[in-house]
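Summary of the model geometry
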Amino acid sequence: MKKKLLGVLLSTAMVATMLAGCGGGAAAGAADAAADTAEEATEEVAEDATEEAAAEEEIPVSTFGDASGTHLEMWTFVELHGQHYGKMAEIWNEQNPDEKIEITCTTYPYSDMHTKLLTSLEAGTGAPDICDVEVGQFPNVVAGMDQWLVPLDDFAADYMPTMVPARMQTYQGEDGHYYGAPYHVGATAMYYNVAAMAEAMGISNDEVIAKIDSVVTWEDYQALGEEYKAAIADDSKYWTSVDTGGTDWLWLAMAEYGDDWTGGFEGPANCQLDSVKNMLSLQQDWLKSGLAQISPDGHVDLEAGFQNILDHNIVSFPKALWYMSRFTNYMPEEKGNWYIAKCPVFEAGQKCSVGIGGTGTVVTQQSANKDLAAKFLCWAKMSDEGEQNIWDTLGFDVCNTAMWTQDSFAHDDNNQFNQFFINYPYDVLNDIGMDNIGKISVVAISPTINEYVCTTTLNEVLEDPEYSIDDALQELQDAVDMEQ
Amino acid sequence: MKKQRTLSRSPKRIALTILGTGFFVILCLIIAFPIVAGLLASFRPGTELIRRGLALDFDISTMTLANYTYLFGGNVDSQKYFMWYKNSLIITLVSVVLTLLICYFVAYGLTMYDFKLRNLLFTLVIATMMVPFEILMLPLYKEIIKLHLIDTYFGVIVIGLCSASTIFFFRQYLGGLPKDLLSAARIDGANEYYISVKIILPLAKPAFASMGILCAMGAWNAILWPLLVLKGAEKFTLPIGLNTLLTPYGNNYDVLIAGSMFGILPIFIIFLLFQKYIIDGMTAGAVKG
Amino acid sequence: MKGKNFLYSQKVAPYVFVLPFILSFAIFWIYPLITAFTMSFQDIGAIKTEWVGLANYTKLLKDKVFMIAVANSTKYMFFTLVLLIPFPMLFAVLMDSNIVKAKGLWKAILYMPALTSVVISGTLFRLMFTEYKTGQMNIISQALGFGTYKWLKNGWSGMLALLVVACWRWTGVNMLYFLSGLKSIDSALYEAADIDGASAFQKFRYVTLPLLKPTTIYVLTISVYAGLAMFLESYMLWAGNSSPNNIGLTIVGYLYKRGIEKNDMGYACAVGVVLLIVALIINFAQLILNGTFKKED
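Attention now moves to the overall build of chain A. Along chain A, the regular secondary structure elements total 23 helices and 13 strands. Of all 484 residues assigned to chain A, the portion counted as buried reaches 53%. If you take every contact in chain A between residues at least 6 apart in sequence, the share linking residues at least 24 apart comes to 76%.

Moving on, we get to the overall build of chain B. Within chain B, the secondary structure is distributed over 15 helices and two strands. Computed over its C-alpha atoms, the radius of gyration of chain B comes to 24 Å, more than 25% above the 19 Å expected for a compact globule of 289 residues. With the C-alpha coordinates of chain B rotated into their principal frame, the extents come out at 70 × 70 × 30 Å. For chain B, buried positions account for 55% of its 289 residues. A sequence separation of at least 24 residues applies to 76% of the contacts in chain B between residues at least 6 apart.

A separate point is the nonpolar core. Membership of the largest hydrophobic core comes to 340 residues, with the highest contact counts inside it found for Tyr192(A), Cys378(A), Tyr104(B), Val106(B), Phe170(B) and Val271(C). The element best represented in this core is helix 4 (residues 76-112) of chain B, accounting for 21 residues.

This part covers the domain arrangement of chain A. Residues and elements named next belong to chain A. Split into domains, chain A comes out as domain 1 (63-185 + 357-419) and domain 2 (188-354 + 444-483). Taken residue by residue, the interface counts ten residues in domain 1 and ten residues in domain 2. Of the residues that constitute the side of domain 1 that touches domain 2, the class distribution is three nonpolar, five polar and two charged.

On to the confidence of the model for chain A, then. Scored by pLDDT, chain A has a mean of 85; 87% of the residues are at 70 or more. Of the regions scoring below 50 in pLDDT, residues 1-60 of chain A engages in 55 contacts with residues more than four places distant in sequence or in other chains.

This part is about the sheet that holds strand 10 (residues 338-341) of chain A. All names here are of chain A. One open sheet accounts for three strands, arranged 9-6-10; its pairing is antiparallel. Because the sheet does not close on itself, it has two edges, and the strands there are strand 9 (316-320) and strand 10. Within the sheet, the average angular offset between the axes of one strand and its neighbour, ignoring direction, is 30 degrees. When strand 6 (residues 188-193) meets strand 10, the two strands line up antiparallel, connected through four bridges. Residue pairing for strand 10: Tyr191 is matched across the bridge by Ile340. Packing of helix 12 (residues 248-257) onto the sheet brings it into contact with strand 6 and strand 9, and relative to strand 9 it is tilted by some 75 degrees.

Before going further, it helps to spend a moment on the confidence of the model for chain B. Residues and elements named next belong to chain B. In the predicted model, chain B carries a mean pLDDT of 83, and the fraction of residues at 70 or more is 91%. For chain B, per-element mean pLDDT is lowest for helix 15 (residues 284-287), which scores 40, and highest for helix 7 (residues 153-158), which scores 92. Residue range residues 1-6 is modelled with pLDDT below 50. Its contacts to residues more than four positions away, or to other chains, number four contacts. Note on residues 281-289: pLDDT is under 50 here. Beyond four places in sequence and across chains, it has 21 contacts. Among the scores for the predicted complex, ipTM is 0.86 and pTM is 0.84.

Moving on, we get to the sheet that holds strand 3 (residues 101-107) of chain A. Residues and elements named next belong to chain A. The six strands are arranged 1-3-2-4-12-5 in an open sheet whose pairing can be described as mixed. On the outer flanks of this sheet lie strand 1 (63-65) and strand 5 (181-182), each paired with one strand and no other. Across two bridges, strand 5 lies against strand 12 (residues 359-363) in antiparallel orientation. Paired with Ala181 across the strands is Thr361, a residue of strand 12.

Residues and elements named next belong to chain A. Counting buried positions along helix 12 gives nine out of ten residues, so the element sits mostly inside the fold. Taken together, the buried positions of helix 12 are Asp248, Trp249, Leu250, Trp251, Leu252, Ala253, Met254, Ala255 and Glu256. On its buried side, helix 12 packs onto strand 6, strand 7 (240-242), helix 13 (274-289), strand 9, strand 11 (353-354) and strand 13 (437-438). Positive phi shows up at Gly258, right after helix 12, with a value of about 75 degrees.

In this section: the interface of chain C and chain B. On the side of chain B, 86 residues touch chain C, which itself brings 85 residues to the contact. Across the side of chain C that touches chain B, the residue classes tally to 59 nonpolar, 19 polar and seven charged.

All names here are of chain A. Listed as buried for helix 17 (residues 384-394) are Gly386, Glu387, Asn389, Ile390 and Trp391. In this fold, the buried residues of helix 17 make contact with helix 3 (79-95), helix 16 (370-382), helix 18 (401-404) and helix 19 (407-410). Phi turns positive, to about 70 degrees, at Gly395, one or two residues after helix 17.

This part covers the pairing of strand 3 of chain A. Residues and elements named next belong to chain A. Extensive coverage of strand 3 is indicated by the burial of six of its seven residues. For strand 1 and strand 3, the ladder comprises three bridges, and the chain directions are antiparallel. Looking across to strand 3, one finds that Thr63 is bridged to Thr104. Note on the crossover from strand 2 (residues 70-76) through helix 3 to strand 3: the handedness is right-handed.

What counts and what doesn't
- Residues numbered from 1 in each chain as written.
- Chains lettered and ligands numbered in written order.
- Predicted model: local features only at pLDDT ≥ 70, side-chain atom pairs only at ≥ 80, totals over all residues.
- Helix = DSSP H or I, 4+ residues; strand = E, 2+ residues; numbered from the N terminus.
- Buried ≥ 20, exposed ≤ 12 C-beta atoms within 10 Å, placed from the backbone.
- Contact = placed C-beta atoms within 7 Å.
- Rg over C-alpha atoms; globule rule 2.2 N^0.38 Å.
- Core = buried A, V, L, I, M, F, W, Y, C linked by C-beta atoms within 7 Å.
- Domains from an automatic or database assignment.
- Nonpolar A, V, L, I, M, F, W, Y, C, P; charged D, E, K, R; others polar.
- pLDDT = per-residue confidence, 0-100.
- Pairing = 2+ DSSP bridges.
- Axes fitted to C-alpha atoms, helices over the stretch in contact; angles between N-to-C directions.
- Right-handed = clockwise from strand over helix to strand, strands pointing away.

If you want it as structure tokens, here you go:
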């Protein structure tokens, strides 16, 4: 046995030496030689690649402005946002020849960008000059206040009088300073499928719109829904869908009553609010009477939600105005069918909208050019030029109300959203009015509340419309109390 | 070289072959379903995916090459896509080769020798496999900055070179090889390193092949760490780039699905290259005493 | 020459071999591990960080949501062990036999899911399991006359969806491990068994199974951890880290909720340390029982 083995070893060794002798050229059998060559090859590839990259003209992925200007670095998680700053940098350089800038905008994946930002803020190095922060993540970032971020108060002062106050407050720190510049109001409005309603009820679009315009309270809204249900007489068609995976309806209810379950910075959070109870019991009634269904997969801003809307299974729902872009992106065939209106209220005279979602852009203390970065940021997001570009390229309802009434801006028929919907979105905003847009704070306790509501409370109350709302809210309060 | 057992063409044998092959046909049909669905979706506009979900029909009228022509069209997005593609290829190739070699030798040391620290080191190997990366992230990030490896590809791959699971796999594999190979070689006067490279390594080809595939997959799909280390879109890898298409403000399905489908290709080629070594395996003659 | 002899001695060689691991461990593991461990005793704020002793751990023990996460992860781990060890092993043995034709093709297809990015496979499976009528699961269920079902809203079907994704992704990979394990088995043993007139089952039971043990132990060990640490699949299936009644919440998902979403790194580190300890206990128990630490003769 030993002998045989010896033979094998000897021959293996011989083969190996031979192969080594021919420089590993035909090393098909010898894995080591193969691995060696592979390694060399990769190293070559790597070297080639780096050389190539250096030799090649750099692909202008994301750098805008003037190379001789002050360099600013900007992170975002939506590529279009970066392009907004790029465009604004060009205009800025024309207007400020002595303060030219060059800006590099990098788009990162959404959740990872926030991880990276927080990691670098905590590490004290590596953060960019300017960074987009999604509103849900904002409490984590603003917790560092002026140690991490640059207060924007002085730089935004010129624009403040006409900015929607609720939106500016959303990005306030505990110390009262403004740390984030908003893109949009995210004003919640009611979307109605006029075409589907007209067809079902056998009346003209204008008659439907007249009915919608006369809706003031949730009672009116419910009555119109019952009228639609009676006309269509189809169990698989609903007036609206209620969310088990989103808090939009509840936020709207709180804003109408002027409530805020987070309690703001002072706290404590209190979720057992009448506004929330009223909305939930209204929804339970609708579910029981068949007026509403539960949004497939939890809320309307998901694939199944879009399908549901496309199939005309629901013909009305409240959502922030940024949802308009979902229509243009995913539901192009709905063009001309939809009408946007004020949301109903519980009692006439209440606020009828609430700002939902959003992204605040911050300037970090790690920036070498804080003042310039902050000045540019506020200008790019609050000035007329900035707002014009936000509406044109991003399609957001801008925060500077001075723009809302400018005819060339609000009624521009080249704008895709103005074309898509039956009415002009800004007419709805003007109708609502900047002081009627409520605000729910986004503070440290917010993720806890949101999470419990979306995973548990709404599922209990809506999946089982007989479930006691008081019990569900008590459970929610207990869970929240554990965290505060 | 394969197990050449009696290959009688009996009816029983044919029936067995049909059964055995048929089993894999069915299994593969099930497994392939989502991929086929994804592939079909990549030939449709993103709005179709929203409209009908994963429709599994071959309705030509809704199909279009638009996503791919856009991807290959040489526009800004397509330039970026291939830049990320190239970056991912470099990172994957370099890290696979280095990881395999390093892990093989570490495992060799842990398996073939009986030394004092052996069990302690092996315990540490296993232990490092069980640490959730998320809690190491922040300190590791600070360390990489101090080492001046931030924003370099080396910083991306260096922490994974001593992959515990790869070491462990090699160890398990090498442990199954007959030890008398070693003593025989030593009697012949071969030194330790020579034995590890020229005698044992060729026998570990199947292990190299499967670990090669696994490491390639890990490196190709890694996202969190590369993202922390790298700055600037021109250094991004493909998964980072593709993930930027998913945002809370809407997903770009058109490019995302086509890009992901085409992104399978290189790793699939690596698979095809490596998997034949798994088949080769240990020839009967090599170890028979 | 003396130095060379020293390096070449059988006493020193093992240390040379394991040096990369020792270096990597010293540089990239010790400091971050200690830091993470200390962080688990701290309340880490943006402005100031305080020592809180065992507070994070005591809170963890009272935390109902964490318990749900532990239960989900454990259940998931258990089922993946049941599904993803025996079946891939059988598939590998079958694939290795000579009654299967066109092996390369089947292997390639089985391996494909692991190559697909989680982003895309998550989206595909979410569309398949949607409660809307266009989802494949609901198409099947409607065809069988059961109507549509809310797959991702109920505990059992949510777990089913997770397991389907797990089996889809990992069957091929685990089969690959076993295939390469099978290759380390000397075919002479099968020949000897043939001569003794052993049946196919006997060969599997007395030759394949014992000799595959090292591979099985490997797959078991990584599956225990992978099962306990699963996160991405759940994240993609529910399009985020929140699932109805937390049916899809896992330990690492919870760690993310705390560490990343709420930026409470101290508490997150405590979760991570608990996960580490649980995984270590299970795996070392299993490895010791399997004799992996025993000296080989």
